Amino acid sequence: MTLSTLHPLKKHLTNLSKLASAAALCFTCFSASAEPVELKFSHVVAENTPKGQMALKFKQLVEQRLPGEYKVSVYPNSQLFGDNNELAALLLNDVQFVAPSLSKFERYTKKLQVFDLPFLFADMAAVDRFQQGDAGQSLLNAMTRKGIVGLGYLHNGMKQFSANDPLNLPKDAAGKKFRIMASDVIAAQFDAIGAIPVKKPFSEVFTLLQTRAIDGQENTWSNIYSMKFFEVQSQITESNHGVLDYMVVTSDKFWKGLPKDKRDILKQSLAEAIALGNEIAAAKDNEDKLAILDSKRSKLVTLSPAERMQWVNAMKPVWTKFETQIGSDMLKAAQAANQAPQ
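Analysis parameters
- Residues numbered from 1 in each chain as written.
- Predicted model: local features only at pLDDT ≥ 70, side-chain atom pairs only at ≥ 80, totals over all residues.
- Heavy atoms only, no water.
- Core = buried A, V, L, I, M, F, W, Y, C linked by side-chain atoms within 4.5 Å.
- Buried < 20%, exposed > 50% of the residue type's maximum accessible area, 1.4 Å probe, protein only.
- Helix = DSSP H or I, 4+ residues; strand = E, 2+ residues; numbered from the N terminus.
- Contact = heavy atoms within 4.5 Å.
- Pairing = 2+ DSSP bridges.
- Axes fitted to C-alpha atoms, helices over the stretch in contact; angles between N-to-C directions.
- Expected span 1.5 Å × (residues − 1).
- Polar contact = N/O pair within 3.5 Å; in protein donor to acceptor, adjacent residues only side chain to side chain.
- 1 Å grid on protein atoms, 1.4 Å probe; cavity = no way out; pocket = protein on both sides within 12 Å on 5 of 7 lines; lining within 4 Å.
- Points joined across faces, edges and corners; volume = space filled by probe spheres on them.
- Nonpolar A, V, L, I, M, F, W, Y, C, P; charged D, E, K, R; others polar.
- Salt bridge = Lys/Arg side-chain N within 4 Å of Asp/Glu carboxyl O.
- Parallel < 35°, antiparallel > 145°, perpendicular 65-115°, else oblique.
- Left-handed = near helix turned anticlockwise from the far one by under 90°.

Novice: Honestly, the nonpolar core in this entry has me stumped. Any pointers?
Specialist: A general tendency of soluble globular proteins is for nonpolar side chains to be buried together. Judged by nonpolar contacts, the single largest core of 58 residues is most densely connected at F41, M54, F58 and W311. Broken down by element, the residue count for this core peaks at 5 residues, all from helix α10 (residues 260–295). When near neighbours in sequence (up to four residues on either side) are disregarded, W311 contacts F119, F161, L167, N168, L169, P170, A173, I193 and L303. Within the second largest apolar cluster, 37 residues are counted, among which are L87, L90, L117 and A337.

Novice: What is the right way to read the environment of A273 from this model?
Specialist: Note that A273 resides in helix α10. Separated by 220 residues in the primary sequence, A273 and Q53 place their C-alpha atoms 8.2 Å from one another. Sequence-distant contacts of A273, that is, excluding residues within four places in its chain, are made with M54, K57, F58 and L61.

Novice: Got a minute to help me understand the sheet that holds strand β8 (residues 216–219) in this structure?
Specialist: Picture the strands of a sheet paired through backbone hydrogen bonds; they go either parallel or antiparallel. As summarised here, the arrangement of the 6 strands in space is β7-β6-β8-β5-β9-β11, forming an open sheet in which the pairing is mixed. With one partner strand each, in any of the chains shown, β7 (196–199) and β11 (299–302) form the two edges of the open sheet. On average, adjacent strands in this sheet sit at an angle of 30° to one another, irrespective of strand direction.

Novice: What's the story with helix α2 (residues 50–65) in this structure? I'm lost.
Specialist: Along an α-helix, residues three or four positions apart point the same way, because every turn accommodates 3.6 residues. The terminal C-alpha atoms of α2, which comprises 16 residues, lie 22 Å apart, in line with the 22 Å expected from a rise of 1.5 Å per residue. Within α2, the full set of buried residues consists of P50, K51, G52, M54, A55, F58, L61 and V62.

Novice: Mind showing me how you'd approach the side chain of S239 here?
Specialist: Mapped onto the elements, S239 comes out in the loop between β9 (235–238) and β10 (243–251). A polar atom in the side chain of S239 sits 2.7 Å from the side chain of H241. Beyond its immediate stretch of four places on either side in the chain, S239 contacts F119, K159, Q160, F161, L303 and R308.

Novice: Got a minute to help me understand empty space enclosed by the protein in this structure?
Specialist: Within the structure shown, the criterion is met by 2 cavities of 30 Å³ or more. Within this model, the largest cavity holds a volume of roughly 160 Å³. Forming the boundary of the largest cavity are 17 residues, of which S101, M181, F202, L244 and Y246 lie nearest the centre. When residues of the lining of the largest cavity are traced back to their parent elements, those giving at least two are β6 (177–180), β8 and β10. Broken down by class, the residue content of the lining of the largest cavity amounts to 8 nonpolar, 3 polar and 6 charged. Around the second largest cavity sit S101, L102, S103, F115, D116, M181, V243, L244 and D245, which together line it. Of the residues belonging to the lining of the second largest cavity, the class tally is 5 nonpolar, 2 polar and 2 charged.

Novice: Looking at this structure, how should I read the environment of L244?
Specialist: Tracing the backbone through its elements, the reader meets L244 in strand β10. A relative accessible area of 6% places L244 in the buried class. L244 sits 95 residues away from Q339 along the chain, and the two C-alpha atoms are 20 Å apart. Leave out the neighbours within four places in its chain, and L244 touches S101, H155, N156, G157, K159, M181, N219, T220 and N223.

Novice: So what exactly am I meant to see when it comes to the pattern of salt bridges here?
Specialist: Two side chains carrying opposite charge are able to pair once their charged atoms lie near each other. A full pass over the atoms with the stated rule returns 13 salt bridges. Its salt-bridge partner being D184, residue K199 comes within 3.5 Å of it at the nearest N-O pair. In this pair, K199 sits in strand β7 while D184 sits in helix α6 (residues 184–191), placing the two residues 15 residues apart along the sequence. Accessibility expressed as a relative area gives 43% for K199, which makes it partly exposed.

Novice: Quick question: what am I supposed to make of unusual backbone geometry here?
Specialist: Most peptide bonds are trans, and most residues other than glycine sit at a negative phi. Even without being glycine, K228 reaches a positive phi, approximately 60°. By secondary structure assignment, the location of K228 is in the loop between α8 (221–226) and β9. K228 gets classed as partly exposed once you look at its relative accessible area, which sits at 42%. Located in the positive-phi region is K296, a residue other than glycine, with phi close to 65°. Examined against the element boundaries, K296 turns out to sit in the loop between α10 and β11.

Novice: What exactly am I supposed to notice about the packing of α2 against α10 here?
Specialist: Any two packed helices are characterised by the angle at which their axes cross and by the distance between the axes. With their axes 8 Å apart at the nearest point, α2 and α10 run at an angle of 150° to one another. Between α2 and α10, the angle is such that the two are roughly antiparallel. Between α2 and α10 the crossing geometry is right-handed. Residues that form the contact of α2 with α10 fall into these classes: 13 nonpolar, 4 polar and 4 charged.

Structural data, given as structure tokens:
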């Protein structure tokens, strides 16, 4: 090859190099100005609840650790989706994170029904031992075939009954309409005492109570307080008959599509946010109970040991009814969690 033929080739290669450099510079400019990826976190309760505070903490940590890359948009109070359609929205990737109550997963796995069984857990410490144990952790992966990945448990607290008449004994609830979540176990719980379970969205409960379309409901102290149910219910029975916790979930497709390093940061941020939410839940349980009693809008009904045992005896047959669906091994693990380690 002669010098005269090399010169045009060298010039051509130089031009290609300049074009490549310009393209790289242009890509860098585009990347720097690109909008962060939006992660939508939808939930159905108020921002001042444990769940609401957990979601805001998650937002803070993610945007602090992945600045300019991801932003978390939190939608409380069913602003984006209600509790009857948030899981469907998750699977359609309309939202990336939701934290439904454990009852909401019934159509995806029957095993999580263990959390709805009445009078199964002695207290929140027992719930926590079960959730952090092998059986509880296995439930986080119980819905992967349906496209849902469990990322962690969030506490709310033990449930109490409320109504406009005192509920001292199971017979006091007979014939009364109680709002329930979409749960066959909870429906059976009220059937067992002759009450009428009415499945309605959480966002409608206050109006239903206010208009007397229903007679009562079951919920934690923090939900009763934050949603102002105590203003339209004159009696609250401190029954501690069940647990109302949540599972923070995402879709399997979305989660696996994330770069591993980003996924690890999101998971760690969520773990820290859940830890904060659980601390708040423990503190708010008693604070909100006292705030309700101080308001004088609702009267506390305290069960004697004999009265409580009547409730237990009336509802415990529900365990047997759902044991096959849940699994006897799961039920035994839950019962074992009531024994504090020595």
